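# Notes for the structure review
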Amino acid sequence: MRYSHASKALVLSAALALTLTACGGGTSEESAGGGSEGDATKVITANTTEPQNGLLPANTNEVGGGRVMDLIFTGLVSYDSKGKPVNEIAESIETEDSQNYTIKLAPGHTFSDGSPVTAASFVDAWNFGAAAKNAQLNSYFFESIKGYDEVSAEGATSEEMEGLKVVDDNTFTVELSQPESDFPLRLGYTAFMPLPEAAFEDPKAYGQMPVSNGPYKLTEWNHDVNLKLEVNESYEGPRKAANGGVDFKVYQSTESAYQDILAGNLDVLDQIPPSALANYQDELGDRSINAPYAGNATITISGYLDHFKQGEEGNLRRAAISRSIDRQQIIEKVYFGGKVKAEEFTAPVLDGYTADIPGSEVLDFDADEAKKLWDEANAIEAWGDSEEFSIGYNVDGAGNKEFVEAVANQVKNTLGINAVAKPYTSFKALREDVGKKTMSGAHRSGWQADYPSMYNFLGALYGTGAGSNDGDYSNKEFDDKLTDGLAATDPAEGAKIFNESQEILFKDLPAIPLWYQAVQGGWSENVDNVEFGWNGVPIYNAITGK
Amino acid sequence: MLSFTFKRFLQLIPVFFGATLLVYFLVFATPGDPITALSGGKPMTPAVEASLRAQYNLDQPFWIQYGLYLKNLVTLDLGMSFSGQEVRDLLIRAFPVTARLAVMALAIEAVFGILFGVIAGMRKGKWFDSTVLFASLIVIAVPTFVLGFVLQYVVGVELGWAKPTVSGGATWGELILPATVLGLVSLAYVLRLTRTSIIENKQADYVRTATAKGLSRGRVVNVHILRNSLIPVVTFLGADLGSLMGGAIVTEGIFNVPGVGSLLFSAIRKGEIPTVVAVVGVLVVVFVLANLIVDMLYALLDPRIRYA
C-alpha cells in the first residue's frame, strides 16, 4: 500500500514518521490488554486523506482509500495485528505444489445488500482488476495468475484469466504461472477483495458508494470532507466492530488534526506532525504510541550510474558509502532517537526476519573502512575531483530534506568527496526521472509492505525487471534464490532462502538500507483500546468509547 | 454607466482566455509526470498507463490538449480530476465555502478597519491612535501562519471556545476564527489607510465650511470626511476580495477548511491541469468583477466621477 505523496505521508518518503523515544507500543498493549469493556456504541472519529480514486479494490493503492477499503471489505483472509493471516471468507486454502491452489469458502457470508459472497464474487472481481480495459492501478497484483499476460496487455480482448476456475458456489481454483508460496499471504490485500455482481454494471458509480462485505459499510462520502462508516450487522468474522461506527474526517495536514486531538475534537490520529514530535508524548501521555511497522527507508544508487555499475568498482563504492553513514546519529539527531537502524533489506515485523545475515556489517558506520574501500575503488578507476555524488529527494514530503542532507553530509565528511542533497520540486518530478532512468545520482527510496511477506520487499524492488526495481538491478544468482524461496512449500524454509538471497544484496548493495519505519500516533480521552497494526494503520474495529 | 459596464464585461473575455491559456501552459510545463505519480512509485502496467494517459488527453501535444479543453468548456464540461470526479463538482463544493470565508474576512476587515481607522484618525496622537497603530504594526509583521496557529491553539485548544478545525459544513459560526485570521492583516492595512486619509481630509476646506455652517460633528465626520476618505479604502477592499479568495491557502490549511485554497494546492501538486485552470479561471472572473464593482462605487462616493 502506498502512502499518497500528496498526504505528505510515509511512502517512499517514509521520512516523515519521526520518532521520539522507542517506547515500542507498550502503552497501547497495556490498555488493550487491560480488557476494559468500553462503550461499544461510540462512533469513532479518525483522520484520513481523501481517497484518490473511487473505492474499487483493484484501484485503491494509497492509504486514504486503503484504510476505508480494509474496513468495508473483507477478503479470503485478513491480517491480525502482527500481520498473521486469519481466515475470513476462506474456509481453507490448500496447495501441494505452491502453484495450484484450491480455495474453499465458508458458506453463509453476504454483502451488505444481502446478496451472497460466492466463488464467482472473487473470480469476477480479480478478472475485472486484471483486465486492461478497466485500467485498474493494482492490476499488477494479479500477475502471478496464469493467463494474466493475455488479459492485461494493451488492447487485450480476453477478460478472463485462464488460471481462475469456479468449481462450485463455494469453491474455486487458482493456477499460478510459477510456484509462489507466499500467494496465500497476499490474499488479505485490498486488490483481492470480492465484488458483488452489481458492481460490474457501473463500476464508477459503484466505487462512489460500494456495497461491501466487511465489518463496516460506507453510508456517506462527502468528498474532501468525511466518510461515514456504520457497523455492518451482517458481517461475521474475526474483525467484528467493538464500536458504533467510524467517521473518517479528511485532513489537509496532520498539524490541524493534531490540534483536534488535543481539543478532543478527533479520537484517533495515525500520524503525529513533525512540529509536534518533540513534545507529543508529554502532551498526550499514555494516549500516544510509537510502534514499528513493515516499512523501511533506503537510498537507491542506480546501476546505470558511472562508477556505480555492477562490478568490483561499483560494489566497493556502494559499500564505502554505506559504511560512511552513521545511521544511529541521524536517528538521534533528526528523528529524536526514534526509528530503528536497518539490519537488512526488509522489515522486522515480518516472519523470517533476522538481524544476523552474513554481510550485514556493511550497514555499520566505520569511517576508516569506508575510506579504505573508496580508495580501493579509486585504484580501479579514479574518482575525479570535480565529480559529484548527489542524493535526490522530493521537497514536498516533509522530513526528506533533513535526513537526506544529513546523509549527504556524512558521506562528504567521511569520504572527503563532493556529496550533495539534490532537491526535486515534487514527488512526481522525482518519480519521472527515476522512472525514465535519467537520474544523475542516487535517490531517496523506501518501501511500505502491501502484504506481510519478505518477498514483497525483495521481489518487487530487486528482482530483474521488477516493476519497482528503480536501480535497474539484475543478478541471476539473486533471481534464482527468489524463485527457490517462492517454490519452498514450508514458509520457514522459504524465509531461510530469502535471507540467503539478502547475502547477495549485501555484496551488490543495489540500495543502501538506512532504517525501519515506525508509526507515531495519538488518541483522545474519549476512546480506549487503541492499537496499531503491522502496517502502521490503527485497528479501528477494536477501538471502543470510554 | 451601462455602456461602461458592458465594455468592462467585454474585457473579461480576453482576460479569461489569456489567464487560462497561461495557467494551462504553466501547469503543463511543471516538471514531473502526473500519471507516474498516480502509481506512487509502484509498478503500473503499460496498458493501464496508456489508458490513463488517453483518458486525460495527456498523450496529446499542448495545443491539442488546450484545444480539447476549450471545446469541452463550451458545453460547461470542465473535465475530470484524477480521482474521477467532475471538476465542476469540485468547484461547486469548494467555492461556496471559500466565498463565505472571504466575505466574512472582508466584512471583519471593513467594519473594524474603518471604525478603528476613523477613531484613530480623528484622535491623532492620542493613546487610542498610538495603541492601534502599534497593534497594526505587529499584525502586519507577524506571518499569517504564526497568527493562525497561535489563535488556533489558544482559542481552540487552551480555551476551548471554538473547535480547532471546521466541520465539513464550514458554517458561518465555525468560520469566525479562520475569517479573523484571514482578514487580520488586511484589517491592519485598512485601518492605516483610513486613518491617513481621514487625517488628510480633516484639514480640507469643505470640512471647515461644513463645520462653520453649524453642522453636527457626527454629520461632518460621517458624510463629509469619511465619505471622501473611503475611495482608497474601497479600492483596497475590492482588490483584496480576490486575493482573499485565492490566497486563503495557508488559513484553509491551518483550520482544515475544505475550500478553494486547498483544492488548488493539491491540484497543483498532482499536476491536475483541469482543476487548476478551472479554479484560476473562476478567480479571475471574481477579481475582474470585484474591480468593476469598485469602479462603480467610486461614482457613488464621489459625485465628481462619472462614467460615460
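Structure: above.
Not measured: the values here are computed from a predicted model. (Residues numbered from 1 in each chain as written. Chains lettered and ligands numbered in written order. Predicted model: local features only at pLDDT ≥ 70, side-chain atom pairs only at ≥ 80, totals over all residues. Heavy atoms only, no water.)

## Remarks on the overall build of chain A
Looking only at helices and strands, one finds 16 helices and 19 strands in chain A. Scaling as 2.2 N^0.38, a compact globule of 546 residues should have a C-alpha radius of gyration of about 24 Å, and chain A matches this with 23 Å. Split into buried and exposed, the 546 residues of chain A put 61% on the buried side. Considering only intrachain contacts with a sequence separation of at least 6, the fraction spanning at least 24 residues in chain A is 70%. A total accessible area of about 18,900 Å² is found for chain A, and carbon and sulfur atoms account for 48% of it. Here chain A contributes 41 positively and 83 negatively charged side chains, and the mean placements of these two sets differ by 5 Å. (Helix = DSSP H or I, 4+ residues; strand = E, 2+ residues; numbered from the N terminus. Rg over C-alpha atoms; globule rule 2.2 N^0.38 Å. Buried < 20%, exposed > 50% of the residue type's maximum accessible area, 1.4 Å probe, protein only. Contact = heavy atoms within 4.5 Å. Areas by Shrake-Rupley, 256 points an atom, 1.4 Å probe, with all protein chains shown as cover. Lys, Arg positive; Asp, Glu negative; His and termini not counted. Charge placed at Lys NZ, Arg CZ, Asp CG, Glu CD.)

## A few points about the pairing of strand β9 (residues 226-231) of chain A
Residue and element names in this part refer to chain A. Pairing geometry for strand β8 (residues 216-222) and β9, over six bridges, is antiparallel. Bridging from a neighbouring strand, N222 pairs with N226 of β9. Linkage of β8 to β9, two consecutive antiparallel strands, is achieved through a turn of three residues, within which D224 is found at a positive phi near 65 degrees. (Pairing = 2+ DSSP bridges.)

## Considerations on the packing of aromatic side chains
All names here are of chain A. Applying the stated criterion across every chain yields a total of 37 aromatic pairs over all chains. Ring geometry for Y79 against W534: centres 5.4 Å apart, planes inclined by 80 degrees, an arrangement best described as edge-to-face. Highlighted residues: Y79 in strand β2 (residues 77-79) and W534 in the loop between β18 (527-528) and β19 (544-545), separated in sequence by 455 residues. By relative accessible area, which is 6% here, W534 ends up buried. (Phe/Tyr/Trp six-rings, centres within 6.5 Å; stacked < 30°, edge-to-face > 60°.)

## Quick look at the interface of chain B and chain A
Chain B puts 49 residues into the contact, and the matching count from chain A is 51 residues. Roughly 3,900 Å² of surface becomes buried between chain B and chain A when both sides are summed, with 57% attributable to carbon and sulfur atoms. Among the residues of chain B in contact with chain A, K42(B), P43(B) and R269(B) are the three that bury the most area, contributing 18% of the side total. In this assembly, chain B and chain A are joined by one salt bridge. Of the charged contacts, one joins D224(A) and R93(B) as a salt bridge, the two residues approaching to 3.8 Å between their closest N and O atoms. The set of elements that each furnish at least two residues to the side of chain B that touches chain A consists of α2 (34-38), α3 (46-55), α5 (87-122), α7 (144-158), α11 (249-254) and α12 (260-270) of chain B. For the side of chain B that touches chain A, the element with the most residues is α3(B), which contributes six residues. Tallied by class, the residues present in the side of chain B that touches chain A amount to 23 nonpolar, 19 polar and seven charged. (Buried area = accessible area lost by both parts, 1.4 Å probe. Salt bridge = Lys/Arg side-chain N within 4 Å of Asp/Glu carboxyl O. Nonpolar A, V, L, I, M, F, W, Y, C, P; charged D, E, K, R; others polar.)

## Observations regarding a nonpolar patch on the surface
Residues and elements named next belong to chain B. On the surface, F145, V146, F149, V150, V154, L159, W161 and V250 cluster together into a nonpolar patch covering about 720 Å² of accessible area. At five residues, the largest contribution of residues to the nonpolar patch is made by α7. Following the sequence through the fold, V250 ends up in helix α11. For V250, a relative accessible area of 39% gives the class partly exposed. (Patch = residues over 30% accessible without salt bridge, like charges linked within 9 Å, V, L, I, M, F, W, Y side chains within 5 Å.)

## Here we look at the sheet that holds strand β7 (residues 171-175) of chain A
Residues and elements named next belong to chain A. With antiparallel pairing, four strands are arranged side by side in an open sheet as β4-β5-β7-β6. Only two strands of the sheet have a single neighbouring strand rather than two, namely β4 (90-95) and β6 (164-168). Put simply, the sheet's adjacent strands are angled 20 degrees from each other on average, direction ignored. Sitting on the sheet, helix α3 (residues 119-130) touches β5 (100-105), β6 and β7, and the angle it makes with β6 is about 165 degrees. (Axes fitted to C-alpha atoms, helices over the stretch in contact; angles between N-to-C directions.)

## Side note on the packing of α7(B) against helix α8 (residues 176-202) of chain B
Residues and elements named next belong to chain B. Running from N to C, α7 and α8 cross one another at 150 degrees; their axes reach a closest spacing of 10 Å. It follows that α7 is roughly antiparallel to α8 by the angle criterion. In this structure, the crossing between α7 and α8 has a hand that is right-handed. On α8, the residues touching T144, L147, G148, L151 and V155 of α7 are L177, V181, L184 and V185. Here the residues of the contact of α7 with α8 are counted per class, giving seven nonpolar, two polar and no charged. (Parallel < 35°, antiparallel > 145°, perpendicular 65-115°, else oblique. Left-handed = near helix turned anticlockwise from the far one by under 90°.)

## Notes on the pattern of salt bridges
Oppositely charged side chains can pair when the atoms bearing their charge come close. All names here are of chain A. Tallied over the entire structure, the rule returns 30 salt bridges over all chains. The partner of K476 in a salt bridge is D480, with the nearest N and O atoms 3.0 Å apart. Here D480 and K476 lie together in helix α15 (residues 476-487), a separation of four residues that amounts to about one turn. Look at K476 and you get exposed, because its relative accessible area is 60%.

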